[in-house]
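# Structural overview for review
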Amino acid sequence: MATQQTQKLARILIAPSIILLLLWMIVPLAMTAWFSALNYNLLNSVTSFAGLGNYRYFLSNPAFLSSLLNTLVLVGAVLAISAFFGVLIALLLDQVIVGRRVVRLMLIAPFFVMPTVSALIWKNLLMNPVSGLLAWLWRLFGLAPVDWFTQVPMLSIILIVAWQWLPFAVLILLTALQSLDQEQQEAALMDGAGPFDRFFHLTLPHLARPLSIVILIETIFLLTVFAEIYVTTGGGPGVETTNLAYLIYSQALLQYDVGAASAGGLIAVVLANIAAIFLMRIVGKNLET
Amino acid sequence: MARRTPVPRIVLTSVVAWTVGLVIFFPILWMLLTSFKTELAAFSSSPSFLFFHWTTENYVAVWTRSNYLEYAWNSVVIALGSTLVALAISVPAAWSMAFSPTKRTRGILMWMLSTKMLPPVGVLVPIYLLYRDAGLLDTRLGLVIVLCLSNLPIMVWLLFNYFKDIPKDILEAARMDGATIGKEIVYILAPMAVPGIASALLLNVILAWNEAFWSLNLTSSHAAPLTAFIASYASPEGLFWAKLSAASTMAIAPILVLGWFCQKQLVRGLTFGAVK
């Protein structure tokens with residue numbers, strides 16, 4: 001048998017992936033850690049050791065606390081919207097519906113729209129206080145149009161991001177629903193289980209795993225929402241819509257403060273890892289090699 | 001189900017479902033309509049839905065005036081380039097893990113997944129500085145490298161997921177019949193692996209096409225893909241809504257169609273095989 005040979009070949013085949021990912025993960029992360037301990041500004045040629053100074057600066061910066069809070073609000077709100085409406089819409093689409101395929105296509109479409117497009121379409125075509133469609137709709141009902149990005153900037157960002165991620169939840173949950181054992185459903189029906197019984201004892205437990213996967217994957221992406229803020233509010237007004245990702249970006253590429261931005265970067269990595277650990281546990285369970 | 005759903009119920013759920021679907025799809029539809037309006041009509045505060053003067057002047061304008069083709073070409077090169085390089089690296093890896101798993105395979109897969117959890121903003125500064133020093137800022141090669149590496153874990157996972165479902169008995173049988181490794185791959189494994197590779201390719205093209213974080217931060221003019229081109233419409237000077245809509249429609253159309261066709265593979269890829 002060619003076992004020995006195969007083993008050797010297997011190792012050679014997998015080596016490039018491992019080496020590249022190792023470089024990709026360790027080199028920049030080590031550099032971030034190193035920079036975070038330096039007084040390093042791109043505009044200033046003198047670089048000195050800062051110890052924990054950058055962390056102290058970053059953590060005591062009021063913008064940091066508010067950006068952390070903004071990040072949590074954004075992630076939490078979008079998660080709540082996409083989990084709640086995701087389940088509802090997935091259940092709805094699982095019914096007998098005329099033209100279900102078309103409805104399904106319409107529902108998942110926003111997920112494929114690039115973030116800069118969805119943000120600008122919402123900001124201009126829909127949310128503009130004078131010519132936006134929402135303003136027209138508000139006036140139709142005799143209400144004063146809302147100046148979205150001035151009056152409720154964070155809510156506006158949440159709406160845009162939720163519009164992109166709700167379809168993701170629908171797509172995953174619907175796929176999971178359709179794999180729900182029909183026989184089990186039939187049996188429950190035979191036993192005289194009402195719709196609520198069936199939902200709480202059969203459907204919801206079945207959705208628990210895909211739902212937790214949706215939540216964890218969205219968390220990882222939502223923690224670093226960037227383009228939507230970049231093209232709409234630029235983090236403002238003030239720092240009202242500045243999340244952690246945007247704050248780090250502005251420290252690094254707008255203020256050229258590499259040290260502080262790196263400290264912020266490491267903090268973001270730690271936060272993302274908390275969500276990642278849970279996700280990996282769930283995904284890992286599915287892994288039978 | 002064997003039971004037939006009563007007609008009034010079908011009507012009711014259909015009406016509700018279509019309403020929800022249309023509401024969620026509406027921004028895209030509105031963008032499409034606006035792209036056929038004149039700038040004046042697009043900016044009007046009393047919008048018209050169908051009865052406006054339809055024009056294709058915006059498409060012509062975007063196409064001819066704003067180097068649209070250059071941006072689109074950058075998108076194509078970056079999306080396809082990063083995908084093909086990632087495939088070349090990930091197919092052998094997924095292959096070897098699916099067919100000769102060792103005690104460490106599980107650990108390696110989990111570790112690869114963990115690299116995907118790294119928020120890009122955590123390594124923005126060093127990548128930016130390395131790129132600046134290596135002359136990779138605002139180059140297509142630079143973006144190809146970053147996107148290839150950042151999507152590599154997803155590719156390995158998705159491919160591994162497909163490959164491990166290929167029955168291994170077939171290989172045994174072929175070996176008994178005296179097939180060499182080369183023949184084994186060409187005649188038996190390759191045909192069975194094609195669907196997996198195709199869906200990994202599609203998923204990666206979609207992800208790379210829509211990627212915005214690295215595209216916005218690492219490019220300015222030469223290598224800017226469509227995501228960055230659209231972002232240039234954010235500047236407040238002059239409101240070109242109809243042109244923004246036309247450019248956006250062209251930018252998202254190919255991916256929307258692609259996404260619609262490969263929903264199932266997407267679910268599998270995006271959940272790392274946990275939902276099929």
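Residues numbered from 1 in each chain as written. Chains lettered and ligands numbered in written order. Predicted model: local features only at pLDDT ≥ 70, side-chain atom pairs only at ≥ 80, totals over all residues. Heavy atoms only, no water.

### Describing the interface of chain B and chain A
In this assembly, 107 residues from chain B lie in contact with 99 residues from chain A. Taking both sides of the interface into account, the surface hidden between chain B and chain A amounts to around 9300 Å²; carbon and sulfur atoms contribute 80%. Per-residue buried area on chain B facing chain A is highest for Ile24(B), Met117(B) and Trp241(B); these three make up 7% of the total on that side. Counting every contact that joins chain B to chain A gives zero salt bridges. Viewed at the interface, chain A and chain B are joined by 13 residue pairs in polar contact (both at pLDDT 80 or more). (Contact = heavy atoms within 4.5 Å. Buried area = accessible area lost by both parts, 1.4 Å probe. Salt bridge = Lys/Arg side-chain N within 4 Å of Asp/Glu carboxyl O. Polar contact = N/O pair within 3.5 Å; in protein donor to acceptor, adjacent residues only side chain to side chain.)

### Looking at the nonpolar core
Among the nonpolar cores identified, the biggest contains 196 residues, and Leu93(A), Phe163(B), Trp214(B), Leu226(B) and Ile230(B) are the most heavily contacted of them. Looking at which element gives the most residues to this core, the answer is helix H8 (residues 153-178) of chain A, with 18 residues. Ile230(B) has contacts with Met114(A), Thr116(A), Val117(A), Leu120(A), Leu244(B), Ala247(B), Ser248(B) and Ala251(B), leaving out every residue within four places of it along the chain. (Core = buried A, V, L, I, M, F, W, Y, C linked by side-chain atoms within 4.5 Å. Buried < 20%, exposed > 50% of the residue type's maximum accessible area, 1.4 Å probe, protein only. Helix = DSSP H or I, 4+ residues; strand = E, 2+ residues; numbered from the N terminus.)

### Focus on helix H4 (residues 100-108) of chain A
Given 3.6 residues per helical turn, the α-helix brings residues three or four places apart onto the same face. Of the positions making up H4(A), those classed as buried are Val103(A), Arg104(A), Met106(A), Leu107(A) and Ile108(A). Tucked into the core, H4(A) has its buried residues touching helix H3 (62-93) and H8 of chain A together with helix H1 (7-34), helix H12 (241-261) and helix H13 (263-270) of chain B.

### Section: the domain arrangement of chain B
Residue and element names in this part refer to chain B. For chain B, the assigned domains read domain 1 (7-60) and domain 2 (67-270). A C-alpha centroid distance of 32 Å is found between domain 1 and domain 2. Facing the 13 residues of domain 1 at the interface are 12 residues of domain 2. Interface of domain 1 and domain 2: buried area, both sides summed, is about 1100 Å²; carbon and sulfur atoms make up 77% of it. Area buried by domain 1 at its contact with domain 2 is led by Met31, Glu39 and Tyr59, which between them contribute 46% of it. Taken together, the connections running from domain 1 to domain 2 amount to one salt bridge. Here Glu39 and Lys243 are joined by a salt bridge, their closest N and O atoms 3.1 Å apart. (Domains from an automatic or database assignment.)

### Description of a nonpolar patch on the surface
Taken together, the side chains of Leu9(A), Ile181(B), Ile185(B), Val186(B) and Tyr187(B) make up a nonpolar region of the molecular surface, amounting to roughly 460 Å² of accessible area. Ranked by residue count, the leading element in the nonpolar patch is helix H9 (residues 181-210) of chain B, at four residues. Tracing the sequence through the fold places Ile181(B) in helix H9. (Patch = residues over 30% accessible without salt bridge, like charges linked within 9 Å, V, L, I, M, F, W, Y side chains within 5 Å. Areas by Shrake-Rupley, 256 points an atom, 1.4 Å probe, with all protein chains shown as cover.)

### Re the side chain of Ser75(B)
Residue and element names in this part refer to chain B. Along the chain, the position of Ser75 falls in helix H4 (residues 68-99). A distance of 2.9 Å separates a polar side-chain atom of Ser75 from the backbone nitrogen of Leu226. Look past the residues within four positions of Ser75 in its chain and what remains in contact with it is Trp209, Pro225 and Leu226.

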